[in-house]
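Single-letter residue listing:
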Amino acid sequence: MDMATRLIGAIEAGGTKFIAALAREDGTILTQTRIPTQTPAECFPALAAFFHEASAEHGPISAFGVASFGPIDVDPASPAYGTFTTTPKPGWSGARFHDVLGQFGAPIVVETDVNGAALAEAQSGAGAGCTTLAYTTVGTGIGTGVVRAGKPLMGFSHYESGHIPVPHDRVRDPFAGHCPYHGDCLEGMAAGPAIVDRWGQSLSDLGSPADKVALIAGYVAQLAVSLVLLHMPDRLIFGGGVMKTPGLIPALRRATEQRLAGYVRADQLDPGLERYIVPPALGDAAGITGAIALGRQALN
Ligand code: ZN
């Protein structure tokens, strides 16, 4: 069969909606649908029906790529690969993507949504040309995907960068923190819900006051510095709802450069970090683009 005709089934599984698409190997989307995230008993048959219909019209599906909310088993060597683990979402714990996609007889790659977006940005977004890229989202939660040579890195599970400890000056910031596990970890201090819990509104709704923006930038910079020291990425991308706050990316660049204190010297780290710390390029398309990229991995 001609390479260009191989078809990929892609799923962006989010907390409120699923986007499912049938795409050509080159990324061209032939058809797509949106399914509300109810229970697997409702979602999975709707997914199967969509892919059967799309396949009947366009041809057989050669691979599936899934970029999903978690926690989910993303270890291809695990017998539970593709299974939701401890998610509080009713019905989803124990649900497995292979149960619905297996009937198509095509290989399946399952990754976290953040790793999917990281891969998409690395291939066709703000990380194009980078060998090692770290993509972080700061929104409802905080997570990082590190992609090296086209592959998301992991250990025995996907990374949990949102829960690293951060220095907490309780005089400057008396807020106790929002994380149910750690209180004042990074996510507990700097994710969207922590900001609203602390100040009653989002940073943007507060008018992006410089002192508050600098406080949040300081916490996020702790992650940026850690990513540099642990992974030496060619670039850091910071996206998600919180990062859209006016002034936050420039404040993050300043705080990161200050904390690195000139210790790491490399061409990648430009003075001012304007080329090094950047916003994402794909916006809302990153999710489904990432799922298609994962499907491409499953093909090969
Ligand atoms: Zn935490």
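Residues numbered from 1 in each chain as written. Predicted model: local features only at pLDDT ≥ 70, side-chain atom pairs only at ≥ 80, totals over all residues. Heavy atoms only, no water.

A. Examining the domain arrangement of the protein more closely. Split into domains, the protein comes out as domain 1 (7-113 + 284-299) and domain 2 (126-280). Placing a centre on the C-alpha atoms of domain 1 and another on those of domain 2 gives a separation of 28 Å. Every contact between the two is made by seven residues of domain 1 and, on the other side, five residues of domain 2. In this assembly, domain 1 packs against domain 2 so that about 550 Å² is buried in total across both faces, 59% of it on carbon and sulfur atoms. For the interface between domain 1 and domain 2, the tally reads zero salt bridges. One can count one residue pair in polar contact (both at pLDDT 80 or more) joining domain 1 with domain 2. (Domains from an automatic or database assignment. Contact = heavy atoms within 4.5 Å. Buried area = accessible area lost by both parts, 1.4 Å probe. Salt bridge = Lys/Arg side-chain N within 4 Å of Asp/Glu carboxyl O. Polar contact = N/O pair within 3.5 Å; in protein donor to acceptor, adjacent residues only side chain to side chain.)

B. Molecular detail of unusual backbone geometry. With an omega dihedral of 0 degrees, the bond running from G70 to P71 counts as a cis peptide bond. When you line up the elements, P71 lands in the loop between strand 4 (61-68) and helix 2 (97-101). Of note in the backbone geometry, A149 takes a positive phi value of approximately 50 degrees without being a glycine. Take A149: it is sitting in the loop between strand 7 (142-148) and strand 8 (151-152). Residue A149 is classed as exposed on the basis of its relative accessible area of 61%. Positive phi outside glycine occurs at S208, with the angle close to 50 degrees. By the element assignment, S208 lies in the loop between helix 5 (192-199) and helix 6 (210-231). Classification of S208 by relative accessible area gives buried; the value is 17%. (Helix = DSSP H or I, 4+ residues; strand = E, 2+ residues; numbered from the N terminus. Buried < 20%, exposed > 50% of the residue type's maximum accessible area, 1.4 Å probe, protein only.)

C. The sheet that holds strand 2 (residues 17-24), seen in detail. The sheet built from five strands is open, its strands ordered 3-2-1-4-5 with mixed pairing. A single partner strand is all that each edge strand has here, and the edge strands are strand 3 (29-36) and strand 5 (108-112). Between one strand and the next, the sheet's axes are offset by a mean angle of 15 degrees, whatever the strand orientation. Summarising the sheet, strand 4 and strand 5 pair through five bridges and their orientation is parallel. The residue of strand 5 that forms the bridge with A67 is E111. Docked against the sheet, helix 1 (residues 40-58) engages strand 1 (7-13), strand 2, strand 3 and strand 4, running at close to 20 degrees with respect to strand 2. Along the sheet face, helix 3 (residues 113-124) touches strand 4 and strand 5 and points at about 100 degrees away from the line of strand 5. (Pairing = 2+ DSSP bridges. Axes fitted to C-alpha atoms, helices over the stretch in contact; angles between N-to-C directions.)

D. Up close: the sheet that holds strand 6 (residues 132-138). Taken together, five strands build an open sheet; the order of strands is 8-7-6-9-10 and the sheet is mixed. The open sheet terminates on both sides in strands that have one partner only, identified here as strand 8 and strand 10 (277-278). Alignment of strand 9 (residues 235-239) against strand 10, held across two bridges, turns out to be parallel. Bridged to L236 within strand 10 is I277.

E. Main features of the packing of aromatic side chains. Per the stated rule, a full pass over the model turns up twelve aromatic pairs. Taking 6.3 Å as the distance between ring centres and 80 degrees as the angle between the ring planes, the aromatic pair formed by F51 and F104 counts as edge-to-face. Linking F51 in helix 1 with F104 in the loop between helix 2 and strand 5, this pair joins segments that are 53 residues apart in sequence. F104 sits in the buried class, given a relative accessible area of 17%. Of the aromatic side chains, those joined through ring pairs into one cluster are F18, F44, F69, F84, W92 and F97. When the ring centre of W199 is taken as origin, the NZ or CZ atom of R198, which lies over that ring, is 4.7 Å away. (Phe/Tyr/Trp six-rings, centres within 6.5 Å; stacked < 30°, edge-to-face > 60°. Lys NZ or Arg CZ within 6 Å of the ring centre and 35° of its normal.)

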